[in-house]
Amino acid sequence: MFSGMFSGMRTKTSLTLDEDSIPLARSRAEAEGLDVGRWLDRAIRHEAARGDIDVIVDWEASLPPDDQVVLAALDAADRHDLDAA
């Protein structure tokens, strides 16, 4: 019942940023119609998600060749590109 009520809560904090990053963040936030805090929050979430993908890619690369062939076939099927499998 209350899950939606708390999903948009924000916590005020202070950050120490490189002096070149601050004007860049302000400029990008303004260009996208966001305040700097929301822009930085989104940038952090995007960067964190990119790390998740890196973990998966590293794990897939560590698999034996036969398993990598299976993953490639599954990926091709997901993309509906069965000729690539």
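Our structure is the block above this text.
Parameters at a glance
Residues numbered from 1 in each chain as written. Predicted model: local features only at pLDDT ≥ 70, side-chain atom pairs only at ≥ 80, totals over all residues. Heavy atoms only, no water. Helix = DSSP H or I, 4+ residues; strand = E, 2+ residues; numbered from the N terminus. Buried < 20%, exposed > 50% of the residue type's maximum accessible area, 1.4 Å probe, protein only. Areas by Shrake-Rupley, 256 points an atom, 1.4 Å probe, with all protein chains shown as cover. Salt bridge = Lys/Arg side-chain N within 4 Å of Asp/Glu carboxyl O. Expected span 1.5 Å × (residues − 1). Polar contact = N/O pair within 3.5 Å; in protein donor to acceptor, adjacent residues only side chain to side chain.

### So, the overall build of the protein
The secondary structure content of the protein amounts to four helices and zero strands. Beginning at the N terminus, the succession of helices and strands in the protein can be written as α-α-α-α. Within the protein, buried positions represent 7% of all 85 residues. On the protein, roughly 7,600 Å² of surface is accessible, and the fraction owed to carbon and sulfur atoms is 56%.

### Description of the pattern of salt bridges
By the definition in use, this model includes eight salt bridges. The partner of Glu47 in a salt bridge is Arg50, and the shortest N-O contact between them spans 2.5 Å. Residue Glu47 and its partner Arg50 are both found in helix H3 (residues 36–62); the two are separated by three residues, about one turn of the helix. Linked through salt bridges whose partners overlap, the residues forming this network are Arg10, Asp35 and Arg38.

### Section: H3
Along its 27 residues, H3 runs 39 Å from first to last C-alpha, staying within 8% of the 39 Å computed at 1.5 Å per residue. Sitting at the amino-terminal end of H3 is Asp35, which places a side-chain oxygen 3.0 Å from the backbone nitrogen of Gly37.

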